[in-house]
Amino acid sequence: MEDIKKLEEFQAKIDADLKIEPKDWMPEEYRTHLQRQISQHAHSEVIGMQPEGNWISRAPSLRSKVVLLAKIQDEAGHGQYLYSAAETLGKSRDEYLEELHSGKAKYSSIFNYPTLTWADIGAVGWLVDGAAIVNQVSLQRTSYGPYSRAMVRICKEESFHQRQGYEIMATCALGTPEQKKMAQDALNRFWWPSLMMFGPHDSESAHTANAMKWRIKRETNDELRDKFIQKTVQQAEVIGLTVPDPDLKWNEADGRYEYGEINWDEFWNVVKGNGPCNKQRMRHHIKAHEDGTWVREAAIAYAEKQKSKQLVA
Amino acid sequence: MSNTDHQGDVWEVFIQSKPGLPHKHAGSVHATDKEMALQNARDMYTRRQEGTCIWVVPLQAIVSSMPEDSESFFEPSDDKIYRHPTHYIMPEGAKNI
């Protein structure tokens, strides 16, 4: 009885666009939904450092190298902001990492594709960060306070990422015929996986209804995907690249692009762990975490020593 | 927010963006001691000249009011409108007050 009243008050707050804060009462499913969504988001930022890190030592100029390093450092920071937000829901950082390593928690499938050429780094910044921005701009208005604040901070930093990616793509596309071919090839491989980043169709998405009712998400997967397509196709045209969708065409009457259907078999296959790099990504993350054990142990030992020194003094 | 975490304790971070402005909550970091907390906060929250000063405070040291207390805490001030300048009636024609 008491819970029904609390639930009504909770929903009234959501409907009035008031934020929910960590110590406020919330339904258990709201909490678990956020724990899953925010940790998945955090894991994606951190795993996303790997395909880009692949090119630090081979960046074609000093400028592109410092830029790539700064971008990857930002991704690490974004992961940290999101883990911090996730921790306010009553689960520790260790527990979230454990869920990632055991495979219980997922991360965005886009990072299970390899970055084979330098143009792929362009495609990642332009398309992958571009898709992430569309999603994150919308999530700034999410109902959970700490998640919303993390999104505001991330969005401020994210726009340089997309611009650096598009700059790489433009440089390649407007360069020699070989460079243009490389840019087109990167677009061909990253276009569809980028569209898949928005998740299944609304009709197929297990979580959409609750997420919308509780205003965790403010726009649906299909709405966000459409926004991304509408703004990105023009950018491809400007640099003379062709979006690899035979059904893509401009609808003059509606003033918008029409497009083809995603290969959902590929989507589910990669989600289930059979993408080109799933195993490699997870192996690397576990190794980095285990290799860091001595650092964490040393830091704790040092802190304890300092504390006991203080007690003596 | 378990503090038995192997990642160190949680520290809340407050940043002053310019001299003269109040410190504002920015987020949190994990650290095992105060120097590490300060350095992690610098790396995480001030990569783009966002600050001129950082405070880090152990989460355990923060005492917070609770949502269920908000009625007794904050509502009594609702009926004390005489605490606001608009409560007072000024004589016609008085200036600069």
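Position numbers for residues start from 1 in each chain and track the written sequence from start to end. Whichever chain is written first becomes A and whichever ligand is written first becomes 1, with later ones labelled in order. Per-residue local features of the predicted model are confined to residues with pLDDT of at least 70, and side-chain atom pairs are confined, for both listing and counting, to 80 or more; whole-chain, interface and lining totals are unaffected and use all residues. As a rule here, side-chain values come from all non-hydrogen atoms in the structure, and water together with hydrogens is ignored.

1. Let's talk about the packing of helix H2 (residues 28–47) of chain A against helix H4 (residues 62–87) of chain A
Packed helix pairs are specified by the crossing angle of their axes together with the interaxial distance, meaning the distance between the axes. All names here are of chain A. Interaxial angle, 0 to 180 degrees, is taken between N-to-C directions of lines fitted to C-alpha atoms, where a helix line uses only the stretch in contact. Here a helix means four or more residues in a row that DSSP labels H or I, a strand means two or more in a row labelled E, and each is numbered from the N terminus. Put simply, H2 and H4 touch, their axes get as near as 8 Å, and they point 160° apart. Taken together, the axes of H2 and H4 lie roughly antiparallel to each other. Note on packing geometry: the crossing formed by H2 with H4 is left-handed. Packed against H2, whose contacting residues are Ile-38, Ser-39, His-41, Ala-42, His-43, Glu-45 and Val-46, the element H4 presents Glu-75, His-78, Gly-79, Leu-82, Tyr-83, Ala-85 and Ala-86 at the interface. Think of it as three bins: nonpolar holds Ala, Val, Leu, Ile, Met, Phe, Trp, Tyr, Cys and Pro, charged holds Asp, Glu, Lys and Arg, and polar takes everything else, Gly as well. Classifying every residue of the contact of H2 with H4 by side-chain character gives 7 nonpolar, 5 polar and 2 charged. Orientation is classified from the angle alone, with under 35 degrees giving roughly parallel, over 145 giving roughly antiparallel, 65 to 115 giving roughly perpendicular, and any other angle giving oblique. By definition, any crossing whose near helix is turned counterclockwise from its far helix by less than a right angle is left-handed, and any crossing with a clockwise turn is right-handed. Should any heavy atoms of two residues lie within 4.5 Å, those residues are considered in contact.

2. Some points on the interface of chain B and chain A
Contact with chain B, which involves 21 residues of that partner, is made by 26 residues of chain A. Defined here as a combined quantity, buried area equals the accessible surface (1.4 Å probe) lost by two parts on assembly, summed across both. Contact between chain B and chain A buries roughly 2000 Å² in total, counting both sides, with carbon and sulfur atoms accounting for 50%. Take a side-chain nitrogen of Lys or Arg and a carboxyl oxygen of Asp or Glu: if they are within 4 Å of each other, that pair is a salt bridge. On the surface where chain B and chain A come into contact, there are 4 salt bridges. Among the salt bridges present, the one from Arg-48 of chain B reaches Glu-157 of chain A, with a minimum N-O distance of 3.5 Å. Between N or O atoms, a polar contact is any pair within 3.5 Å; within protein, one atom must be a potential hydrogen donor and the other a potential acceptor, and residues adjacent in sequence are included only when both atoms are from side chains. Here chain B is connected to chain A by 10 residue pairs in polar contact (both at pLDDT 80 or more). Elements with a minimum of two residues in the side of chain B that touches chain A: strand E2 (24–31) and helix H1 (34–45) of chain B. For the side of chain B that touches chain A, the per-class residue count stands at 8 nonpolar, 8 polar and 5 charged.

3. Some details on the packing of helix H6 (residues 118–139) of chain A against helix H8 (residues 177–196) of chain A
Residue and element names in this part refer to chain A. Look at H6 against H8: their axes get within 9 Å of each other, and the N-to-C directions meet at 30°. At the point where H6 passes H8, the crossing takes the right-handed sense. Contacts between H6 and H8 pair Trp-118, Ala-119, Asp-120, Ala-123, Val-124, Trp-126, Leu-127, Val-128 and Ala-131 from the former with Met-182, Ala-183, Ala-186, Leu-187, Arg-189, Phe-190, Trp-191 and Ser-194 from the latter. Class assignment of the residues belonging to the contact of H6 with H8 gives a composition of 14 nonpolar, 1 polar and 2 charged.

4. Points about a nonpolar patch on the surface
Residues and elements named next belong to chain B. Like-charged residues within 9 Å of one another, or nonpolar side chains (Val, Leu, Ile, Met, Phe, Trp, Tyr) within 5 Å, are grouped into patches, provided each residue has over 30% relative accessible area and no salt bridge. Per-residue and other accessible areas follow the Shrake-Rupley method at a 1.4 Å probe size, with only the shown protein chains counted as cover for residues. A surface patch of nonpolar side chains, amounting to about 480 Å² of accessible area, comprises Tyr-82, Tyr-88, Met-90 and Ile-97. Positionally, Ile-97 belongs in the segment after helix H2 (70–74). Using a 1.4 Å probe on the protein chains alone, a residue whose accessible area is under 20% of its type maximum counts as buried, one over 50% counts as exposed, and one in between counts as partly exposed. Overall, the relative accessible area of 76% leaves Ile-97 in the exposed class.

5. Digging into the pattern of salt bridges
Should the charged atoms of two oppositely charged side chains come close, the side chains can pair. Residues and elements named next belong to chain A. Applying the stated criterion across every chain yields a total of 25 salt bridges over all chains. Salt-bridge contacts for Asp-226 lead to Arg-256; the nearest nitrogen and oxygen are separated by 2.5 Å. Here the residue Asp-226 occupies a position in helix H10 (residues 221–238), and Arg-256 occupies one in strand E2 (residues 256–258), the gap between them amounting to 30 residues. Overall, the relative accessible area of 18% leaves Asp-226 in the buried class. Given a relative accessible area of 28%, Arg-256 falls into the partly exposed group.

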